[in-house]
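Listed below are the residues making up each chain.
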Amino acid sequence: MMNGQAGMPLAPELAVFALAVLVLLSGLIRPGRAIGWIAFAGLVAIFGLLMVTPEGQVLFGGAFVQDALALFAKRLFVGATALSLLGSLTIGHANFHRRSSEYHFAMLVSLLGMLVLASARELILLFVAFELMSIPLYVLTGFIKRDAVVPEAALKFFLVGTVSSAVIAYGMSFIYGATGGTALALIPQAVRDGHPTVLLGMGLLLAGLGFKIAAFPFHMWAPDSYEAASTPFVAWLSVAPKTAGFVAIIRIYLEGLGSTAEIWMPILATLAGMTIVTGNLMAIPQRNIKRLLAYSGVAHIGYMLIGVAVVSRAGIAMLLFYLLAYLFGNMGAFMVVETVARSEQSDSIDAYKGLAQRSPLLALAMLVFLLSLGGIPFVAGFWAKLYIFLAAAERGMYGLVFLGAVLTVVALYYYLLVARRMYIEAPVRREPVPTPGLLGVAIAVCAIGVVGIGVYPAPWVALAQRIAATLFS
Amino acid sequence: VTGLPILSVMTWAPFIAALIVMAFARHRPMLVRWTSLLGATVSLLASLWVYWSYDRAAAGFQFKEQFDLVPSLGISYLFAIDGMSALMCLLTSIIIFAGVFASWTVKERSQEFYALLLLLVTGVYGVFVSLDLFVFFLFYEIAVLPMYLLIGIWGSSGEVRPQGIFGWAFGRTGVGTKEYAAMKLTLYLLFGSAFILVGILALYVAGGRSFSFLTLQSMQFDPTVQSWVFLAFYIGFGILAGIWPLHTWSPDGHASAPTAVSMLHAGVLMKLGAYGVVRLGMGLLPDATSEWAWLVGGIACINIVYGALSAMAQTDLKYVIAYSSVSHMGVVMLGAATLTVTGLNGSVFQMFAHGIMTGLFFALVGLVYEKAHSREIFKMGGFGVMMPGIATAFTIAGLSSLGLPATAGFVAEFLTFLGAWTSNYSWWLFPGVLGAFLTSIYVLRVAKQIFLGKKSDDPHFQHLPDAQGTEWAALGILVFVLVLFGVAPGLALKPVDTATVPLLQRIVPSVEASR
């Protein structure tokens, strides 16, 4: 039942579960700020545990695999959660502290769902993990009820999310019907046979997954929920569940399929192109930084979909690298948004006026994150885009490369609108923006990540290529 | 090959100076200036040394430096120069050296200003010396991006707002303001770089996974690939070179930019576009070059005439100079399109001559603006009495612009037109000459109105000082170079010849080894 004997099976998952229970129980005993610290310390320990967890365990007859992709994704999830907690630890709301254990419990349970999802090679487990991940997200979106917008956004997210879950379940039922089993390993042969029911099922599944990753035309929930929810949570929401969605897509549509997967190319390429165009164009008129980042996030999902659409080993590798680069760039940007919002009580991009003269380091960090998201050399996002384009060029998809490259310019336009407020326009107030220490740490970690990967991407590329090689031949 | 990596020294000296400026020179404006000057001087000396010790008999790429950056993707740090890029580096050094002096009076946030300016220059050097297409592209981006902040923060907006139907149509875009110009310039150039990136990736995939120029040069690409990649390069680099109808960022950008940035952008960065077309387009895609020469040359002719006519219609002094750049860049592209040694030499020489000349122009316009606080030609008048030095320098730059013998502009235009006449499209000569004629009209009109005409009655313009102190340094250097290369063009043509002849031999095999 187990290969790769070192270490206890399921250790990281069990640890997260134990941590979640611990957080919930300590909330009963003594609610308050300390709970956040417990969760954070636990996550750091689990991250360490994941670094030493060996690859290659296969449990439950192949339903649960601890392969290279799973480990990579899990480290990403736990790292992103820890970063997000660094941000939320500084939230000053009395209300938030009173309900702190609920917040952290929900987040950790969602994380548990992601961890299981990353390893799932079976439809039922995949679905359960998806739900475990998603349901706490709806709760967390509406967690801090500042105004009437918040419940509305949470409800919208919930409705859209449950519909997508239903579509996923519906699609899975077709796949089960056609393959006669729930193991993902059965899919390649069924697709090779060109079984129409399988194709229908996988089409429905793609629509459901499209909701989860906020790809066009299922992206509507993103801007509203981003605007409504608390920013450290949004930083995490914009990265971790989407990574989970992509892991699922890789598992279902690419792993083990080889060149058979080329039947997805036209639909995925179309989806990628539409998502890029929609996200970038919709971002232009936004005057709320969180909505702007939400739409830019939609565009990034489109770029990542190119990595899927090219159906090649390089494509998967570059998608994984992109996810990493996107994590640092996007989370960093949201952390700066949180810092500025604390001081200015506003998420409007006009709140950034003259930031460079008020807090030069904060403005520089934001500039670096925006440039990374925009794909400018010497920061991580550049390599991510470049590699994605390279993977597409190798498959001769120059149309997609060209579309992506041109819309990068559109993206830079709205990123530069923020940069313009920070650097060119005069500040309304002179005093520096106070940066809470922990937020500063989170921003610094992201900045180091973005610049470090940007200056020396080679080891990360090698890692991504190694993982991709295990999945796709 | 020497022990000292001279090209790296030249490229990174401004960058290091920028780092020092950012780290140690907060609130110490004089330290900022002297550090920047030091960085520029190191680069200038390095480029002079490279230029003189370049072995013309051996030709080819020299001073090679190479080490692997990302071996798995075939990316390496490969620096080398030939006669053409050596001249371009020299041009860059001269302009930035003069530019540091020209921006001596920048007061607001001078630390960031100089740091960005130096960063930009590092990008420019990097493009000229990189033979790895990928690193080339990185430097290209560095050369483009700081412009946004440089223009947006330190630029100046035009004095006249659009009126009538234009005001209605463009009013909301903020046309004529520095913010508008900065955004327009950045987006145009990044749009171009999207084309360049696609082209480079296509060559990488088609050329056996290498970004090395030397490897790619030895490849024989498929004609279809060549054809569309050439177009991608032509559009991408052409935007930066100001080809019609993609030139409109240039007048807005150059007019709004602060003095040193206009000097650098019009003087060097536009050359970078032309250099890209010649080096990558013509150098790597010989078949496509002959295929598309008619297009490149035809559009160049439009550039020459259209740019000159537009310059005639301007009332803002800076716009006149900016449109004159569009016209002169047409000469550069025309020379390249002739596919003759004479024409291409003229083209490269024009890159140099126009770089110096337009640098001088923008330095002068900056001085006039600083003293008179106006760019409107018809408000000013009779300044020659009060500022004889500036008036003289402006006249020399103007004479070079219209191609008077004994200035560098003459040599460049003469060679280009000679090349055009001997090319397959000899009619290209006529738009070229017409452009030179129109140039004399708008240059002399401006010189007459501002410096020689009736003295303006405006009380603001009664006591204007001439250039002072460091300002002379900028003017002196540029005028000296302009005349020196006009009198002794061989200084530039000999090394350039070693680069252009082999380049053309790959395109037109009948070109002789020596003229």
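Residues numbered from 1 in each chain as written. Chains lettered and ligands numbered in written order. Predicted model: local features only at pLDDT ≥ 70, side-chain atom pairs only at ≥ 80, totals over all residues. Heavy atoms only, no water.

Draft legend 1. Structural view of the overall build of chain B. Tallying secondary structure elements over chain B gives 20 helices and 2 strands in all. Over its C-alpha atoms chain B spans a radius of gyration of 22 Å, differing by no more than 12% from the 24 Å that the globule rule assigns to 515 residues. The principal-axis extent of the C-alpha atoms belonging to chain B is close to 70 × 55 × 50 Å. When each of the 515 residues of chain B is scored for burial, the buried share is 68%. (Helix = DSSP H or I, 4+ residues; strand = E, 2+ residues; numbered from the N terminus. Rg over C-alpha atoms; globule rule 2.2 N^0.38 Å. Buried < 20%, exposed > 50% of the residue type's maximum accessible area, 1.4 Å probe, protein only.)

Draft legend 2. How the structure looks around the overall build of chain A. Secondary structure assignment for chain A yields 21 helices and 2 strands. Compactness check: chain A gives a C-alpha radius of gyration of 21 Å against a globular reference of 23 Å for 473 residues, within 12% of the reference. With the C-alpha coordinates of chain A rotated into their principal frame, the extents come out at 65 × 55 × 40 Å. Taking all 473 residues of chain A together, the buried fraction comes to 64%. Nonlocal contacts in chain A, meaning residues at least 24 apart in sequence, comprise 80% of its contacts between residues at least 6 apart. As presented, chain A carries roughly 15400 Å² of accessible surface, and 70% of it is formed by carbon and sulfur atoms. Taking the 28 positively charged and 20 negatively charged side chains of chain A as two groups, their mean positions are separated by 5 Å. (Contact = heavy atoms within 4.5 Å. Areas by Shrake-Rupley, 256 points an atom, 1.4 Å probe, with all protein chains shown as cover. Lys, Arg positive; Asp, Glu negative; His and termini not counted. Charge placed at Lys NZ, Arg CZ, Asp CG, Glu CD.)

Draft legend 3. Spotlight on the interface of chain A and chain B. Contacts between the two partners involve 26 residues from chain A, matched on the other side by 30 residues from chain B. For the chain A and chain B pair, buried surface summed over both sides reaches about 2800 Å², with 85% attributable to carbon and sulfur atoms. Across the chain A-chain B interface, the total number found is 1 salt bridge. If you look at where chain A meets chain B, you find 3 residue pairs in polar contact (both at pLDDT 80 or more). When contributions to the side of chain A that touches chain B are tallied by element, the ones reaching two or more residues are α16 (355-358), α18 (380-394) and α19 (398-423) of chain A. The element contributing the most residues to the side of chain A that touches chain B is α19 of chain A, with 12 residues. Considered class by class, the residues forming the side of chain A that touches chain B number 23 nonpolar, 1 polar and 2 charged. (Buried area = accessible area lost by both parts, 1.4 Å probe. Salt bridge = Lys/Arg side-chain N within 4 Å of Asp/Glu carboxyl O. Polar contact = N/O pair within 3.5 Å; in protein donor to acceptor, adjacent residues only side chain to side chain. Nonpolar A, V, L, I, M, F, W, Y, C, P; charged D, E, K, R; others polar.)

Draft legend 4. Molecular detail of helix α17 (residues 360-374) of chain A. All names here are of chain A. Its 15 residues give α17 an end-to-end C-alpha distance of 20 Å, which sits within 8% of 21 Å, the value for a rise of 1.5 Å per residue. With 11 of its 15 residues buried, α17 lies for the most part within the structure. The complete set of buried residues in α17 reads L362, A363, A365, M366, L367, V368, F369, L370, S372, L373 and G374. As for α17, its buried residues are in contact with α14 (289-309), α15 (313-344), α16, α18, α19 and α20 (437-455). Residue G375 follows α17 closely and has a positive phi angle near 85 degrees. (Expected span 1.5 Å × (residues − 1).)

Draft legend 5. Molecular detail of the pairing of strand β2 (residues 75-81) of chain B. All names here are of chain B. Summarising burial for β2: 7 of the 7 residues are buried, a large majority. Burial of the side chains of β2 extends over both faces: I75, Y77, F79 and I81 are buried on one face and S76, L78 and A80 on the other. When strand β1 (residues 62-70) meets β2, the two strands line up antiparallel, connected through 6 bridges. Within β2, the position partnered with Q62 by the bridge is I81. Adjacent in sequence and paired antiparallel, β1 and β2 are bridged by 4 residues, among which G74 carries a positive phi angle near 70 degrees. (Pairing = 2+ DSSP bridges.)

Draft legend 6. View of helix α1 (residues 11-29) of chain A. All names here are of chain A. Relative to the 27 Å expected for 19 residues at 1.5 Å per residue, α1 spans 27 Å between its end C-alpha atoms, a close match to the ideal helical length. Looking at α1, one finds that the buried residues are A11, P12, E13, V16, L19, A20, V23, S26 and G27. On its buried face, α1 sits against α2 (33-52), β2 (64-66), α3 (68-88) and α5 (100-119).

Draft legend 7. Examining the nonpolar core more closely. With 403 residues, the main nonpolar core has W236 and F246 of chain A together with F383 of chain B as its most contacted residues. By residue number, the principal contributor to this core is α15 of chain A, which donates 20 residues. Not counting the four nearest positions on each side in its chain, F246 of chain A is found in contact with I213, I301, M304, L305, V308, L319 and L323 of chain A. (Core = buried A, V, L, I, M, F, W, Y, C linked by side-chain atoms within 4.5 Å.)

Draft legend 8. Main features of the side chain of E13 of chain A. All names here are of chain A. Mapped onto the fold, E13 is located in helix α1. Only 2.5 Å separates the side chain of E13 from the side chain of K74, close enough to count as a polar contact. Once you skip the residues sitting within four places of it in the chain, E13 turns out to touch F64, Q66, K74, L112, L115 and V116.

Draft legend 9. Quick look at the packing of aromatic side chains. This model, assessed by the stated rule, comprises 50 aromatic pairs over all chains. Taken together, a centroid distance of 6.0 Å and an interplanar angle of 45 degrees make the contact between F382 of chain A and F134 of chain B tilted. Residue F382 of chain A is located in helix α18, and its partner F134 of chain B is located in helix α5 (residues 133-144); the two belong to separate chains. For F382 of chain A, a relative accessible area of 3% gives the class buried. You can call F134 of chain B buried: its relative accessible area is 2%. (Phe/Tyr/Trp six-rings, centres within 6.5 Å; stacked < 30°, edge-to-face > 60°.)

Draft legend 10. Quick peek at a nonpolar patch on the surface. All names here are of chain A. A cluster of nonpolar residues, F17, V21, L25, L28 and I29, forms a patch on the protein surface that exposes about 540 Å² of accessible area. Tracing the backbone shows L28 in helix α1. Residue classification places L28 among the exposed residues on the basis of a relative accessible area of 70%. (Patch = residues over 30% accessible without salt bridge, like charges linked within 9 Å, V, L, I, M, F, W, Y side chains within 5 Å.)

Draft legend 11. Fine view of unusual backbone geometry. A cis amide bond, omega 0 degrees, links F216 of chain A with the succeeding residue P217 of chain A. Relative to the helices and strands, P217 of chain A resides in the loop between α9 (196-213) and α10 (221-228). With an omega dihedral of 0 degrees, the bond running from W244 of chain B to P245 of chain B counts as a cis peptide bond. Within the secondary structure layout, P245 of chain B lies in the loop between α10 (223-241) and α11 (249-256). Even without a glycine there, the phi angle at V311 of chain A is positive, about 50 degrees. Examined against the element boundaries, V311 of chain A turns out to sit in the loop between α14 and α15. The class of V311 of chain A is buried, set by a relative accessible area of 2%. A positive phi angle, near 60 degrees, is found at L339 of chain B, a position not held by glycine.

Draft legend 12. Quick peek at the environment of V308 of chain A. Residue and element names in this part refer to chain A. Residue placement: V308 occurs in helix α14. On a C-alpha basis, the gap between V308 and A215 in space is 13 Å, while along the polypeptide they are 93 residues apart. When near neighbours in sequence (up to four residues on either side) are disregarded, V308 contacts F246, I249, L254, L268 and L319.

Draft legend 13. Local environment of the confidence of the model for chain A. All names here are of chain A. In this model, chain A carries a mean pLDDT of 86, and residues with pLDDT of at least 70 account for 98%. By mean pLDDT, helix α4 (residues 94-98) is the weakest element of chain A at 75, and α14 is the strongest at 91. Confidence drops under a pLDDT of 50 for residues 1-6, and excluding neighbours within four residues, the segment shows 12 contacts in the predicted structure. (pLDDT = per-residue confidence, 0-100.)

Draft legend 14. Representation of the packing of helix α8 (residues 178-206) of chain B against α10 of chain B in the model. Residues and elements named next belong to chain B. Between α8 and α10, whose axes approach to 8 Å, the crossing angle comes to 155 degrees. Taken together, the axes of α8 and α10 are roughly antiparallel relative to one another. Here α8 and α10 pass one another in a crossing that is left-handed. Only V225, W228, V229, A232, F233, I235, G236, F237, I239 and L240 of α10 make contact with α8, whose side of the interface consists of Y188, L189, F191, G192, F195, I196, V198, G199, I200, A202, L203 and A206. Across the contact of α8 with α10, the residue classes tally to 19 nonpolar, 3 polar and no charged. (Axes fitted to C-alpha atoms, helices over the stretch in contact; angles between N-to-C directions. Parallel < 35°, antiparallel > 145°, perpendicular 65-115°, else oblique. Left-handed = near helix turned anticlockwise from the far one by under 90°.)

Draft legend 15. How the structure looks around the pattern of salt bridges. Applying the stated rule across the entire model yields 22 salt bridges over all chains. The partner of K74 of chain A in a salt bridge is E13 of chain A, with the nearest N and O atoms 2.5 Å apart. With a gap of 61 residues between them, K74 of chain A in helix α3 and E13 of chain A in helix α1 connect regions that are remote in the sequence. Here K74 of chain A matches E13 of chain A in class, with each residue buried. Of the charged contacts, one joins R109 of chain B and E112 of chain B as a salt bridge, the two residues approaching to 4.0 Å between their closest N and O atoms. Assessed through its relative accessible area of 23%, E112 of chain B is described here as partly exposed. Here the residues in one salt-bridge network are D67, R121, R251 and E255 of chain A, joined through shared partners.

Draft legend 16. View of the side chain of D67 of chain A. All names here are of chain A. Summarising the element assignment, D67 is placed in the loop between β2 and α3. Assessed through its relative accessible area of 18%, D67 is described here as buried. Leaving out residues up to four positions away in the same chain, D67 has contacts with E55, R251, E255 and L471.

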